[in-house]
Amino acid sequence: MVTNSGAGYSTCEGHDITRWREDVTRDCWGTYFFLRDQYSGNVWSPGYQSTGVEPDSYEAEFYEDHAEFLRRDRSINTKLEVVVSSEEDAEVRRISISNMGARARDIQVTSYAELSLTSQVADVAHPAFANLFVETEFVSDMGALLATRRKRSPDES
């Protein structure tokens, strides 16, 4: 699920992949990207969340198969596409960055997601305890970060 601000959550087979709490006043939970102009130090996101930085222009467009967030900050245009596969348990996010200015820019991109990997009921009851069972490792031959959940008991799936 993704909101018009770019916040939201991912879930699969009764397990929350990312942490989520419904909060209509803040809308602050989700998977985010942070963009930083190495020259100016300006920081913003391709969606309105998580930085809350006011853009020069912003559009959130929702289609049957994906969502797009179009944003302009000074001379930088960004497009964030969020797609959930209808055939596989997969979600893909793609960012396109266009420099419309006259000078070269160096933009640093950082992704962030607060992983849960458990049911929302268990996570809400004890979020700090739930964090103890999430493990991450970098798989260099795939160039990927792999997150798994350690079993709390032998009968846990």
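The preceding data block contains the structure.
The structure displayed is predicted, hence computed values, not measured ones.

Draft legend 1. Spotlight on the sheet that holds strand E7 (residues 76-84). Strand order in the open sheet made by the four strands is E5-E6-E7-E8, with antiparallel pairing throughout. Each of the sheet's edge strands pairs with one partner strand only, and the pair in question is strand E5 (57-62) and strand E8 (91-99). Strand-to-strand twist of the sheet, defined as the mean angle between neighbouring strand axes without regard to direction, takes the value 10°. Bridge analysis of E7 against E8 gives nine bridges, and the strand direction is antiparallel. Bridge assignment links Glu81 to a residue of E8, and that residue is Arg94.

Draft legend 2. Spatial organisation of the sheet that holds strand E1 (residues 11-12). The three strands are arranged E1-E2-E10 in an open sheet whose pairing can be described as antiparallel. This sheet does not close on itself; its edge strands, each paired only once, are E1 and strand E10 (115-118). In the sheet, strand E2 (residues 15-18) pairs with E10 via two bridges, with the strands oriented antiparallel. Each residue of the ladder has a partner; that of Asp16, found in E10, is Thr118.

Draft legend 3. Structural context of the packing of aromatic side chains. If you walk through the whole model with that rule in mind, you get three aromatic pairs. With a centroid separation of 5.2 Å and 45° between ring planes, the pair formed by Tyr9 and Trp20 is classed as tilted. Residue Tyr9 is found in the segment before E1, and its partner Trp20 is found in the loop between E2 and strand E3 (31-37); the two are separated by 11 residues along the sequence. A relative accessible area of 13% means that Trp20 is categorised as buried. Considering the side-chain rings of Phe129 and Phe133, the 5.1 Å spacing of their centres and the 70° angle between planes classify their relative orientation as edge-to-face. With relative accessibility at 12%, the residue Phe133 sits in the buried group.

Draft legend 4. Fine view of the nonpolar core. Core analysis: the largest hydrophobic core is formed by five residues, namely Phe33, Ala67, Phe69, Leu80 and Val82. Going through the elements one at a time, strand E6 (66-73) and E7 are the ones with two or more residues in this core. Non-local contacts of Val82, meaning those with residues more than four positions away in its chain, are made with His66, Ala67, Phe69, Glu91, Val92 and Arg93.

Calculation notes
Residues numbered from 1 in each chain as written. Predicted model: local features only at pLDDT ≥ 70, side-chain atom pairs only at ≥ 80, totals over all residues. Heavy atoms only, no water. Pairing = 2+ DSSP bridges. Helix = DSSP H or I, 4+ residues; strand = E, 2+ residues; numbered from the N terminus. Axes fitted to C-alpha atoms, helices over the stretch in contact; angles between N-to-C directions. Phe/Tyr/Trp six-rings, centres within 6.5 Å; stacked < 30°, edge-to-face > 60°. Buried < 20%, exposed > 50% of the residue type's maximum accessible area, 1.4 Å probe, protein only. Core = buried A, V, L, I, M, F, W, Y, C linked by side-chain atoms within 4.5 Å. Contact = heavy atoms within 4.5 Å.

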